[in-house]
Amino acid sequence: MPKENGKKSKEKYEGRPMTQFIAEIARLLRVRENLTQEALGDQIGYTGSAISAMETCAQPVSDRMLEGLEQVIGKGLGIFAASRKYVLMEKYPVRFREFSRMEATAYTISSYETLVVDGLFQTEAYARALMSAGYPPEPKAKLEELVEARLARRALFDRDPTAMIELILEESVLRRPFGSWEIMRDQLNSLVEDAERINVTVQILPLDRGLTGAYAGACGPMKLVETEDHDHVVYLEVEDEGMLVSDRVKVSRLAQRYAKIRAQALSPDESLCLIKQLAGEWK
């Protein structure tokens, strides 16, 4: 892989100072150890071209590569290990970065999704199929970077201290496949496993809810977060634009709407039965 010039790399990764910084640190430490790009690549399981692409920011450093760099040229300083969470943060779309920091340390997260499975609950195959189907299409390297970043969010499920996580999905989400029937079946089975975690609640808002004359979900998806400082914020996203709402009056109004959506959804037990039933229908 040919090296890109510095100007092009900086333009490509503008707004990613940590990615650029780690690339430069890796180059300096490699040179200090008198290692060629090929030699370093051999020791951590990459080609010399991959190391070159990382050092010039032609390709962003992966989490696995950071682990290898820490072992081979990190010298026990912990630089690459410490950088992992910051490099990961820069892989998220700009609109999501501020919220992602809140999500990672949140006390509670309550999500309502209307079109697709919430990103926190997505399997690798579902996430890749979903992102591959979007428009405009993402370059392959960018796509893999986004998938990696999305899957990393699942660390929240097992975080200590435990985060309380609640998800309400429109039933239509369970019936909208991406990639293949097998991918969708595996996604639903994964959703069942997550719903059975002690710190997770999953509920389904049925398709026919509107027939009752009361349907609170028409205004779209939202995420309510209680931060580690016990502040309350709401994250809204539409058409690649994200917005954090912190005004107490607006947050209160949205929280009331969310509470009504939750009351109109199936119970957790009923929801789990429906997910299992639909998982069995995907052939």
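Residues numbered from 1 in each chain as written. Predicted model: local features only at pLDDT ≥ 70, side-chain atom pairs only at ≥ 80, totals over all residues. Heavy atoms only, no water.

A.B. asks: So what's going on with the sheet that holds strand β4 (residues 222–226)? Which residues, and what values?
C.D. replies: Strand-to-strand pairing in sheets goes through backbone hydrogen bonds, with the strands running parallel or antiparallel. In spatial order, the strands read β3-β2-β1-β4-β5-β6; together these six strands make up an open sheet with mixed pairing. The two strands at the open ends of the sheet, each matched to only one other strand, are β3 (200–205) and β6 (241–245). Between one strand axis and the next, the sheet turns by 15° as a mean value, whatever way the strands run. Where strand β2 (residues 164–170) lies against β3, six bridges are found, and the strand directions are parallel. Bridging from a neighbouring strand, isoleucine 168 pairs with glutamine 203 of β3. (Pairing = 2+ DSSP bridges. Helix = DSSP H or I, 4+ residues; strand = E, 2+ residues; numbered from the N terminus. Axes fitted to C-alpha atoms, helices over the stretch in contact; angles between N-to-C directions.)

A.B. asks: Just give me the short version of the pattern of salt bridges, but keep the residues and values in it.
C.D. replies: Inspection of the entire model under this criterion finds 15 salt bridges. When the shortest N-O distance is used, the salt bridge between lysine 223 and aspartate 118 registers 2.2 Å. You can see lysine 223 sitting in strand β4 and its partner aspartate 118 sitting in the loop between β1 (108–113) and α8 (124–132), a full 105 residues away along the chain. Lysine 223 gets classed as buried once you look at its relative accessible area, which sits at 8%. A relative accessible area of 2% places aspartate 118 in the buried class. (Salt bridge = Lys/Arg side-chain N within 4 Å of Asp/Glu carboxyl O. Buried < 20%, exposed > 50% of the residue type's maximum accessible area, 1.4 Å probe, protein only.)

A.B. asks: Can you tell me about the nonpolar core, naming the residues and giving the values?
C.D. replies: In this structure, Phe121, Ile165, Leu174, Val202 and Ile275 are the most contacted members of the largest nonpolar core, which totals 35 residues. Of all elements in the fold, only α8, β2, α10 (171–174), α11 (181–195), β3, β5 (232–238) and α13 (268–281) reach the threshold of two or more residues within this core. Here this core gets six residues from one element, more than from any other, and that element is α11. Excluding residues that lie within four positions of it along the chain, phenylalanine 121 makes contacts with Arg154, Phe157, Ile165, Leu167, Gln187, Ser190, Leu191, Asp194, Val200 and Val202. Counting residues in each nonpolar core, the second largest holds 19 residues, with Leu35, Leu40, Leu66 and Leu69 among its members. (Core = buried A, V, L, I, M, F, W, Y, C linked by side-chain atoms within 4.5 Å. Contact = heavy atoms within 4.5 Å.)

A.B. asks: Account for the packing of helix α2 (residues 17–32) against helix α5 (residues 63–73), with residues named and values stated.
C.D. replies: At a minimum axis distance of 11 Å, the contact between α2 and α5 shows a crossing angle of 30°. The angle between α2 and α5 places the two elements in the roughly parallel class. As α2 packs across α5, the resulting crossing turns out to be left-handed. Packed against α2, whose contacting residues are Ile22, Ala26, Leu29 and Arg30, the element α5 presents Leu66, Leu69 and Ile73 at the interface. Partitioned by chemical class, the residues of the contact of α2 with α5 number six nonpolar, no polar and one charged. (Parallel < 35°, antiparallel > 145°, perpendicular 65-115°, else oblique. Left-handed = near helix turned anticlockwise from the far one by under 90°. Nonpolar A, V, L, I, M, F, W, Y, C, P; charged D, E, K, R; others polar.)

A.B. asks: For α8, give the residues involved together with the corresponding values.
C.D. replies: Of all the positions in α8, only Tyr126, Ala127, Ala129, Leu130 and Met131 are classed as buried. Summarising the contacts, the buried residues of α8 are in contact with α9 (140–152) and α11.

A.B. asks: Outline the packing of aromatic side chains, listing residues and values.
C.D. replies: For the structure on display, the rule yields two aromatic pairs. Geometrically, the ring pair formed by phenylalanine 121 and phenylalanine 157 is edge-to-face, given 5.1 Å between the ring centres and 75° between the ring planes. Of the two residues, phenylalanine 121 is situated in the loop between β1 and α8 and phenylalanine 157 in the loop between α9 and β2; the sequence distance between them amounts to 36 residues. Of the residues examined, phenylalanine 157 reaches a relative accessible area of 3% and is grouped as buried. Centre to centre, the rings of tyrosine 126 and phenylalanine 178 are 5.6 Å apart; their planes meet at 80°, and the pair counts as edge-to-face. Here the residue tyrosine 126 occupies a position in helix α8, and phenylalanine 178 occupies one in the loop between α10 and α11, the gap between them amounting to 52 residues. Phenylalanine 178 carries the same exposure label as tyrosine 126, and that label is buried. (Phe/Tyr/Trp six-rings, centres within 6.5 Å; stacked < 30°, edge-to-face > 60°.)

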